[in-house]
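Commentary on secondary and tertiary structure
Here's the letter readout for the chains.
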Amino acid sequence: ALPIFDVYAEEGLFERARTLEPYWEQAMHSLADARHVIDIRNLGLIGGVELEPRPGKPTQRALETFRACFEKGVLIRVTGDIIALSPPLVINKAQIDRIVETIRDVLQQLE
């Protein structure tokens, strides 16, 4: 595992992630007014979007969000009614924008 840290250091991936943190945070929190969103949380390049559960059908909305995002070419993870995001450290701003825009579009279309 130690050689991996050498690669991270040589490639400047930790510094890159640190410079993207404010952009990621702003992008994540821009979803606060999206349909079905209850809460947004983030730390570094990790984010969570808590969704309003469907009455009597917990996790259903998140699962539908996962499927619809996947069909649009964006892979997210869900756990319960939370969208969990942890992009690779090589992500760029355009890719962050695509993730957020796709999630927003999908949530707008869901019941």
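For the structure itself, look to the data block above.
My aim in this report is to walk through the structure given alongside it, one point at a time. (Residues numbered from 1 in each chain as written. Predicted model: local features only at pLDDT ≥ 70, side-chain atom pairs only at ≥ 80, totals over all residues. Heavy atoms only, no water.)

1. Considering the side chain of Arg-61
With respect to the helices and strands, the residue Arg-61 is situated in helix H3 (residues 60-71). There is a polar contact of 3.4 Å between the side chain of Arg-61 and the side chain of His-36. (Helix = DSSP H or I, 4+ residues; strand = E, 2+ residues; numbered from the N terminus. Polar contact = N/O pair within 3.5 Å; in protein donor to acceptor, adjacent residues only side chain to side chain.)

2. Things to note about the nonpolar core
Soluble, globular proteins show a tendency: their nonpolar side chains are buried together. Among the nonpolar cores identified, the biggest contains 27 residues, and Val-49, Leu-85 and Ile-103 are the most heavily contacted of them. Contributions of two or more residues to this core are made by helix H2 (13-29), strand E1 (37-43), strand E2 (46-51), H3, strand E4 (82-85) and helix H4 (93-109). Residue contributions to this core peak at six residues, all from H4. Once residues within four sequence positions are removed from consideration, Leu-85 is found in contact with Trp-24, Met-28, Leu-45, Ile-46, Gly-47, Ile-76, Arg-77, Ile-99 and Ile-103. (Core = buried A, V, L, I, M, F, W, Y, C linked by side-chain atoms within 4.5 Å. Buried < 20%, exposed > 50% of the residue type's maximum accessible area, 1.4 Å probe, protein only. Contact = heavy atoms within 4.5 Å.)

3. Re the layout of surface pockets
Estimated volume of the largest pocket: approximately 200 Å³. Val-74, Leu-75, Pro-87, Pro-88 and Ile-99 are, among the 14 residues lining the largest pocket, the residues nearest its centre. Put simply, the parts of the chain that give the lining of the largest pocket at least two residues each are E4 and H4. Take the lining of the largest pocket: its biggest share by element is three residues, from H4. (1 Å grid on protein atoms, 1.4 Å probe; cavity = no way out; pocket = protein on both sides within 12 Å on 5 of 7 lines; lining within 4 Å. Points joined across faces, edges and corners; volume = space filled by probe spheres on them.)

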